[in-house]
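# Descriptive structure summary
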Amino acid sequence: SEISNLLPKCEARIVKVSTDEEDYLCIYAYGVSKDEFNAYAEACKEKGFVDEEYDTLYTADCNEYELQIYYNKRDEEMSITIEKEDVEEESESE
């Protein structure tokens, strides 16, 4: 989908697309090490996503999109979601 083109390719051994819509994408990647999680977060930065980084959570914004990557060390699982932010239109009153 068009929204998936905003993200770098996920090189995990197993990748499952849970939801792929025009304004929302959710991907699960399995068999991911912490180093691979960190590398994917860095690749997202290179794509223009401004980040707020935590130990196992990476959130970022780019243009009208919000990205969240969560890493589960115990299961070696990474979930990636990106969605178009709601932009409320300001009403003009004169």
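Residues numbered from 1 in each chain as written. Predicted model: local features only at pLDDT ≥ 70, side-chain atom pairs only at ≥ 80, totals over all residues. Heavy atoms only, no water.

## Points about the pattern of salt bridges
Condition: A pair is scored as a salt bridge if a Lys or Arg side-chain nitrogen falls within 4 Å of a carboxyl oxygen belonging to Asp or Glu. Only protein chains enter the accessibility calculation, which uses a 1.4 Å probe; a residue whose area is less than 20% of its type maximum is buried, one above 50% is exposed, and one in between is partly exposed.
What the rule picks out here adds up to three salt bridges. The salt bridge partner of aspartate 75 is arginine 74, with a shortest N-O separation of 3.6 Å. What makes aspartate 75 partly exposed here is its relative accessible area of 39%. By relative accessible area, arginine 74 is classed as exposed at 72%.

## With respect to the nonpolar core
Selection rule: For our purposes a nonpolar core is just a set of buried Ala, Val, Leu, Ile, Met, Phe, Trp, Tyr and Cys residues, chained together by side-chain atoms within 4.5 Å. A run of DSSP states H or I qualifies as a helix once it reaches four residues; a run of E qualifies as a strand once it reaches two. Both are numbered from the N-terminal end.
Among the nonpolar cores identified, the biggest contains 23 residues, and Phe49, Tyr58, Leu67, Ile69, Met78 and Ile80 are the most heavily contacted of them. Looking at this core, the elements with two or more residues in it are strand S2 (24-30), helix H1 (34-46), strand S4 (57-62), strand S5 (65-72) and strand S6 (77-84).

## Topic: the confidence of the model for the protein
Low pLDDT means the predicted coordinates in that region are not meant to be read closely. Test applied: Across the chain, each position has a pLDDT score giving the predictor's confidence in that residue, from 0 to 100. Residue contacts are defined here by distance: any two heavy atoms, one from each residue, within 4.5 Å place the two residues in contact.
Looking at the protein, the pLDDT average stands at 85 and 90% of residues meet or exceed 70. Low pLDDT, under 50, characterises residues 89-94; the predicted model gives this stretch zero contacts beyond four residues in sequence or across chains.

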